[in-house]
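Residues per chain are reported as follows:
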Amino acid sequence: AVAGRLYRFRIKANNAQGASPFSPVLEASGCCGPPLPPGPIQLAAAPGPYAMRVVWLEPASCNGSPIQMYQVHARRLMDGVPMGFFEAVYSGPATGCEVRSLYPASVYELRVVAMSALGPSPPSQSVLLTSAGAPPSAPPPVFLIDSDPVSLNVGWTLPDLCNGAPVSAFTLEAVKHEQSALVYEGPSLSRHLQGVAPGATLWLRVAAINSHGQGPFSHPTSFTTPCAPPSAPQAVAPQPSGRHAAHVSWLPPAAEGGSGVTGYTIKVDRVRAGGHHEPMVVDARSPPVTISDLAVGTTYAVRVRASNAQGEGEWSEPEIFSTEAGPPAAPAPPDVEEVASVSMALSWSAPPTEDPTAPVEEYVLQKHEAGAFTTVYTGDLTSFTAAGLLPGAFYRFRVAAVSAKGQGPFSVATKPVATLPLPPGPVTAVTPLVVTAREVKVKWGQPVTNGGSPTHTFAVMVREAESRGGPGELREVWSGPGLACKFKVLPETSYDVIVMAFNAVGPGAHSAPLSLETPAAEEKASKQPKKPAAMQMPVVTISKGGVTAAWLPPKDAYPAVKTFHLSVAPGDGGADYEVYSGGASSCDVGGLTPGHTHHLKVCAENDEGCGAWSSLAAVALKSTAEKRVRAKPRAPEGLHAVHATKASLKLAWLSAEDQAATEAERTRFKLELAEGTGSFETIFNGTFHEFNTSKKLAAGVRYRVRVRGENKVGTGPWSEEVDVWTLKGASTESFDFQAHFRNMEMMFEGRTLPFWIGLVCLFISLLVVIMQFVL
């Protein structure tokens, strides 16, 4: 049978008496399926080295579904062994294609598959096709075998791919400025190139040739012949420049050895110098050069040599010159021999003699203080004691030598050295701040000098003057780091106050005594008994444990307060009533009505009577409904399907929180739905307790649903997941009793006793109404 074609059948029976009539006609269609394999792949034209054009025949039958596309598979064979799996090289509706990215002179296995809406056909019969040959690939870069200053011996190897024909020859070219010149062509794998200049650079590349032609060149490689070191520079001429430097000039060497001079080395040696002196060596790129840091009045010999890429050349002949004589060199830093509080003893040595005709005549010693050096001594001695220094201060010293040629450079300064600290000086400006019959407060300033060590403590000492039989002994009344203090005294008494500062060394000198006299003591005025003053408004605290009121006792009550009275004024306009009477300064307040504002007031009572009431403190307790709203909603209950069709569900649920919440505080609900075992997605977010799905659902499918509540406090937990089903059906909508009973079962699942009692009462009421209507 042909797939998709309509066939009609009938049958009749035969026996010895004859044939029966034909049966009724039966109509049937052939079954559809994937197409049959296409015809085998054939070459449409001669293959190239990197691509070939192929064609194939359509399948003998498409089995009732038209061909949508073809897919060509190919894989490379090497010595008859596949080099991998088949890979798709073409997909499209045509019955021919060009297969690209082939290797030259390689065998490929190809097949084609036809595809319809009902699936792919079996592969066609595989065919083996060979790509055409091509010139060889590029050989590896040229390499160096050996070299000398005038020749290069280079070689190369066969390319990785000969592309179907053996290599018969090679072409060697020299490349310069994007131009090439033939150096060699032949079958050899090496070439000895002669007549190359020393230090010359050649860029060489090579290409292979077979019967298909010349392949690409290798990457160019550079080769440089060795160079010889240069000869000695010419006409070296030193010229002294002052007392510590000289200019040296020269001409380039006559022979550079095939490579440009890259630098010069200048060596300067002392001539007829006593002791060992390291020669000075200076590198330079070109003449002239200045040699510095030379000794004054000294004879030197200078030589120069050139360098290139191959090394250093020969030294030039030595040239003699002498620097000018000058002042003495810098001495060594002075030595600190002894340190005192206000002086330091120093000594130093004479500098090395550079000019015997100009000996050192005197020295200049300087100290570093306040950010600058100042001279403290000038003379021919090599030791000196610097006096007039500050205790505990850091100093640095340096020295310079002076001869007939002038003053030489200063030595390196000594490291900072501190003089020894002293106790602090006397405290300044001791001044009284407050003087009463019982207490004195004084202040003072820092000492005139801290002795080179910071003050850390002050001590205040007093002694009674002659009016008490004095002068008495000093006694310490206060010590600490501050610059003021207060201490107890007696009335009508004369005192001498002395302040003393302390540092790390010890106590300093006494301050000048401060003399003062305390006044007579005042007599306390007798108090008159009276009622307590009005108290401050009580402080009210509301917590989970209830309401607490607290208050502060009145000041200066005489006689003392014995009892406190707390009264409440109801918010509904009722009479005031007392909630506490006692000696405590706080109490718990009970009996307040939630949802109303109350006012609390307090007064104090002593032997003279009750004082005035305080100002009112308002207390507002929230109602039960307001308290409920302060908690997150509980999980909704009774999630079930009220109605089900093939494409939609009507869902409903209950929430206990909404029974007491106001419209503004009503719980919002988030309803989620998932098909089968899939992921949940939100389908409703609002305040209603039921929802009809707007999304078109699949017929006869199980869905999972869940819901949770949200209010101002937060988000509540999810309800239990419930399974619901859409109805099944053919062309018209029908009622699925099985799904209906499943949804009814879930609706009644988990109901408590009050729910069932209410449901029974509802049915009884409906039954009574129906009976009254019938009768």
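Values in this document were obtained by computation on a predicted structure and should not be read as measured data.

Conventions we followed
Residues numbered from 1 in each chain as written. Predicted model: local features only at pLDDT ≥ 70, side-chain atom pairs only at ≥ 80, totals over all residues. Heavy atoms only, no water. Helix = DSSP H or I, 4+ residues; strand = E, 2+ residues; numbered from the N terminus. Buried < 20%, exposed > 50% of the residue type's maximum accessible area, 1.4 Å probe, protein only. Contact = heavy atoms within 4.5 Å. Areas by Shrake-Rupley, 256 points an atom, 1.4 Å probe, with all protein chains shown as cover. Pairing = 2+ DSSP bridges. Axes fitted to C-alpha atoms, helices over the stretch in contact; angles between N-to-C directions. Phe/Tyr/Trp six-rings, centres within 6.5 Å; stacked < 30°, edge-to-face > 60°. Lys NZ or Arg CZ within 6 Å of the ring centre and 35° of its normal. Salt bridge = Lys/Arg side-chain N within 4 Å of Asp/Glu carboxyl O. Core = buried A, V, L, I, M, F, W, Y, C linked by side-chain atoms within 4.5 Å. Patch = residues over 30% accessible without salt bridge, like charges linked within 9 Å, V, L, I, M, F, W, Y side chains within 5 Å. Polar contact = N/O pair within 3.5 Å; in protein donor to acceptor, adjacent residues only side chain to side chain. pLDDT = per-residue confidence, 0-100.

### What to know about the overall build of the protein
Within the protein, the secondary structure is distributed over three helices and 60 strands. Counting over 775 residues, the protein shows a buried share of 36%. Contacts in the protein between residues far apart in sequence, at least 24 positions, make up 61% of those at least 6 positions apart. Carbon and sulfur atoms provide 55% of the accessible area of the protein, an area that totals close to 44,100 Å².

### Some words on unusual backbone geometry
The omega torsion of the bond from P287 to P288 falls at -10°, within 30 degrees of zero and hence cis. Cis geometry is adopted by the peptide bond preceding P559, which originates at Y558 and carries an omega value of 0°. Structurally, P559 can be placed in the loop between β47 (546-550) and β48 (563-569). Phi angles above zero are rare outside glycine, and N63 is one such case at about 60°. Along the polypeptide, N63 turns up in the loop between β6 (52-55) and β7 (67-78).

### A word on the pairing of strand β56 (residues 668-675)
Burial of β56 is extensive: six of the eight residues sit out of reach of the surface. Pairing of β56 with strand β59 (residues 702-710), which is carried by eight bridges, proceeds in the antiparallel orientation. Note that in β59 the partner of F669 across the bridge is G709. Looking at chain direction, β56 and strand β57 (residues 681-686) are connected through five bridges and run antiparallel. If you follow E672 over to β57, its bridge partner there is T682. In this structure, the hairpin formed by β56 and β57 is closed by a connection of five residues, where G676 is found at a positive phi of approximately 60°.

### Description of the sheet that holds β47
An order of β46-β47-β50 is seen for the three strands of this open sheet, with the pairing classed as antiparallel. At either end of the open sheet lies a strand with only one pairing partner, and these are β46 (539-543) and β50 (586-589). The average angle at which neighbouring strand axes cross in this sheet is 25°, direction not considered. Relative to β47, β46 runs antiparallel, the two being bridged by five bridges. By the bridge assignment, I542 is partnered in β47 with V547.

### A word on the packing of aromatic side chains
Scanning the model with the defined rule gives 16 aromatic pairs in all. Three or more aromatic residues joined by ring pairs make a cluster, and in this case those are W348, Y363, Y377 and F384. Sitting over the ring of F86, R111 keeps its end group 4.0 Å from the ring centre. For the cation-ring pair, R706 lies above W718, with the distance from its terminal atom to the ring centre recorded as 4.1 Å.

### Remarks on the sheet that holds strand β26 (residues 289-291)
With respect to topology, three strands assemble into an open sheet ordered β22-β23-β26, the strand pairing being antiparallel. This sheet does not close on itself; its edge strands, each paired only once, are β22 (234-240) and β26. Geometrically, the sheet is characterised by an average inter-axis angle of 25° between neighbouring strands, direction not taken into account. In the sheet, β22 pairs with strand β23 (residues 246-251) via five bridges, with the strands oriented antiparallel. Considered in β23, the bridge of A237 is made with S249.

### With respect to the environment of W613
Relative to the helices and strands, W613 resides in the loop between β52 (609-610) and β53 (617-620). Classification of W613 as partly exposed rests on a relative accessible area of 38%. Sequence-wise, W613 and L566 are 47 residues apart; in three dimensions their C-alpha atoms are separated by 9.3 Å.

### Digging into the pattern of salt bridges
Evaluated as defined, the whole model comprises 14 salt bridges. Across the pair R706 and E672 runs a salt bridge, and its minimum N-O distance is 2.8 Å. Placement of R706 in strand β59 and of E672 in strand β56 is noted, with a sequence separation of 34 residues between them. The pair R706 / E672 is uniform in exposure class, with both members buried.

### Focus: the nonpolar core
With 18 residues, the main nonpolar core has L639, L649, L651, W653, L671, V705 and V724 as its most contacted residues. Only β54 (637-644), β55 (649-654), β56, β59 and β60 (722-725) provide two or more residues apiece to this core.

### Topic: a nonpolar patch on the surface
On the surface, L762, F763, L766, I770 and V774 cluster together into a nonpolar patch covering about 530 Å² of accessible area. One can find I770 in helix α3 (residues 753-774).

### As for the environment of L118
In this fold, L118 is placed in the loop between β11 (107-116) and β12 (119-120). Classification of L118 as partly exposed rests on a relative accessible area of 42%. When the C-alpha atoms of L118 and P35 are compared, they prove to be 8.1 Å apart, with 83 residues separating the residues in sequence. For L118, the contacting residues outside a window of four places in its chain are C32, G33, P34, N63 and S65.

### Thoughts on the pairing of strand β33 (residues 372-379)
For strand β32 (residues 360-369) and β33, the ladder comprises seven bridges, and the chain directions are antiparallel. Following the sheet pairing, Y363 is matched in β33 by G379. Connecting β32 to the next strand, β33, in antiparallel fashion are two residues, including A370 with a positive phi near 55°.

### Some remarks on the side chain of T493
Structurally, T493 can be placed in the loop between β42 (484-488) and β43 (494-502). A distance of 3.4 Å separates a polar atom in the side chain of T493 from the backbone oxygen of L490. A polar contact of 2.9 Å, which involves the side chain of T493, links it to the backbone oxygen of P491.

### A few points about the environment of Y558
You can see Y558 is positioned in the loop between β47 and β48. Residue classification places Y558 among the partly exposed positions, given a relative accessible area of 39%. Between the C-alpha atoms of Y558 and D607, which are 49 residues apart in sequence, the distance is 8.8 Å.

### A short note on the confidence of the model for the protein
Of all residues in the protein, 89% have pLDDT values of 70 or greater, and the mean over the chain is 85. Per-residue pLDDT stays below 50 along residues 658-664; that stretch engages in eight contacts with residues further than four places along the chain or on separate chains. Ignoring residues within four places in sequence, the model shows residues 731-743, a span with pLDDT below 50, making 20 contacts including any to other chains.

### As for the side chain of S614
Residue position: S614 is located in the loop between β52 and β53. For S614, a relative accessible area of 7% corresponds to the buried category. Each residue touching S614, except ones within four places of it in the same chain, is listed here: M535, Q536, M537, P538, K601 and V602.

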